[in-house]
Amino acid sequence: MSRDLLADFDRIVHTHDGNTKSVYRQGAGPAVIVIAEIPGITPKVADFSRILVEAGYSVWMPSLFGTDGAAPNFK
């Protein structure tokens, strides 16, 4: 059984010029945009965003590539 590791974030879907991306959002307060590097929004990136939310920020985390919430697989 798989678990959605980003279930506590609001997911906003945005489409522009035929390209659809998700943006994950959580929190209130000053905005922080968390841009993940390759391989994308990993559990550690999501946990970092949660730390920012606990500190009083609103986090916006766009998914630009990779599998959202998946652990990195470097082979």
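The structure this text deals with has already been given above.
In what follows, the accompanying structure is described. (Residues numbered from 1 in each chain as written. Predicted model: local features only at pLDDT ≥ 70, side-chain atom pairs only at ≥ 80, totals over all residues. Heavy atoms only, no water.)

### Points about the overall build of the chain
Reasoning step 1: Looking only at helices and strands, the chain features one helix and four strands.
Reasoning step 2: The linear arrangement of helices and strands in the chain, starting from the amino end, is β-β-β-α-β.
Reasoning step 3: Over its C-alpha atoms the chain spans a radius of gyration of 12 Å, differing by no more than 12% from the 11 Å that the globule rule assigns to 75 residues.
Reasoning step 4: For the chain, the spread of C-alpha atoms along the principal axes amounts to about 35 × 30 × 25 Å.
Reasoning step 5: Each of the 75 residues in the chain was classed as buried or not, and the buried ones make up 31%.
Reasoning step 6: When contacts within the chain are restricted to residue pairs at least 6 apart in sequence, those whose partners lie at least 24 apart make up 69%.
Reasoning step 7: Of the side-chain charges in the chain, 7 are positive and 8 negative, and the distance between the mean point of each set is 5 Å. (Helix = DSSP H or I, 4+ residues; strand = E, 2+ residues; numbered from the N terminus. Rg over C-alpha atoms; globule rule 2.2 N^0.38 Å. Buried < 20%, exposed > 50% of the residue type's maximum accessible area, 1.4 Å probe, protein only. Contact = heavy atoms within 4.5 Å. Lys, Arg positive; Asp, Glu negative; His and termini not counted. Charge placed at Lys NZ, Arg CZ, Asp CG, Glu CD.)

### Things to note about the environment of Ala55
Reasoning step 1: Position of Ala55 relative to the elements: it lies in the loop between helix H1 (43-54) and strand E4 (58-63).
Reasoning step 2: Classification of Ala55 as exposed rests on a relative accessible area of 55%.
Reasoning step 3: Note: C-alpha distance between Ala55 and Gly27 (28 residues apart in sequence) is 9.5 Å.

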